[in-house]
Amino acid sequence: MSAPCPQPDPDPSRIDSLSGSPMPLWMKVFIGAAGVLLLGTAMRGYLTGSGDSLVAKLFVGAACLYALGFDKKMYVADEGIVKETKTWLNRNREVFPWEEVKFVTLAFRGGNMMAFFERGVTGWKLLFRRDQEEPMRALIRRRIPQVEVDTVGKPKAR
């Protein structure tokens, strides 16, 4: 009898954001069912000749099914701030490198932490859980120690 394979440790140099969390399963089921129902109703209307609002049902049903293939992930890693977007038709990966970050602001409210990574006037903002503060600060210290980190709100939960 062989020992079970150990699970790989999550990458400590990657911190996943809540900003790009995947669609919940219940929502995928609901959207998929609505899309199939609308497309089926549109096809039935077309075949029976009662084409009232046929285009609207077809368009909305197709949009629902297209939305099932949409997935967005945002995270902070050693290479920088990464935004990955996937659809049925394409995949896009955009990286905001650490070398371009000029200022970081961490804003706290409730159980969340918003991180603003600024290039100058513009930048990216990502939402994280409050308990991800220490790994975030450690990654920032390691990758961009010269950049100032400002804090807004109370970092420690009451």
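Refer to the preceding data block for the structure.
What comes next concerns the included structure.

About the criteria used
- Residues numbered from 1 in each chain as written.
- Predicted model: local features only at pLDDT ≥ 70, side-chain atom pairs only at ≥ 80, totals over all residues.
- Heavy atoms only, no water.
- Helix = DSSP H or I, 4+ residues; strand = E, 2+ residues; numbered from the N terminus.
- Buried < 20%, exposed > 50% of the residue type's maximum accessible area, 1.4 Å probe, protein only.
- Contact = heavy atoms within 4.5 Å.
- Expected span 1.5 Å × (residues − 1).
- Pairing = 2+ DSSP bridges.
- Axes fitted to C-alpha atoms, helices over the stretch in contact; angles between N-to-C directions.

### Let's talk about the environment of Trp124
Move 1: Topologically, Trp124 is positioned in strand β7 (residues 123–129).
Move 2: A relative accessible area of 12% places Trp124 in the buried class.
Move 3: Along the backbone, Trp124 and Lys83 are 41 residues apart, and their C-alpha atoms lie at a distance of 9.9 Å.
Move 4: Ignoring any residue separated from it by four or fewer positions in sequence, one finds Trp124 in contact with Ile81, Val82, Lys83, Glu94, Val95, Phe96, Ala115, Phe116, Phe117 and Arg119.

### Structural notes on helix α1 (residues 25–48)
Move 1: Between the first and last C-alpha of α1 there are 34 Å, a value that for 24 residues agrees with the 34 Å anticipated at 1.5 Å per step.
Move 2: Three or more residues of α1 are buried, namely Ile31, Gly32, Gly35, Ala42 and Gly45.
Move 3: Those residues of α1 hidden inside the fold are in contact with α2 (54–68).
Move 4: Of the residues flanking the end of α1, it is Gly49, one or two places downstream, whose phi is positive at about 90°.

### Observations regarding the sheet that holds strand β5 (residues 103–109)
Move 1: If you walk across this open sheet you meet the four strands as β7-β6-β5-β8, and the pairing is mixed. The open sheet terminates on both sides in strands that have one partner only, identified here as β7 and β8 (149–152). Each neighbouring strand pair of the sheet contributes to a mean axis angle of 20°, computed without reference to strand direction.
Move 2: The pairing of β5 with β8 spans four bridges and is classified as parallel. Within β8, the residue paired with Thr105 across the bridge is Asp150.
Move 3: In the packing of helix α3 (residues 133–143) onto the sheet, the strands contacted are β5, β6 (112–118), β7 and β8, and the crossing angle to β5 comes to about 175°.

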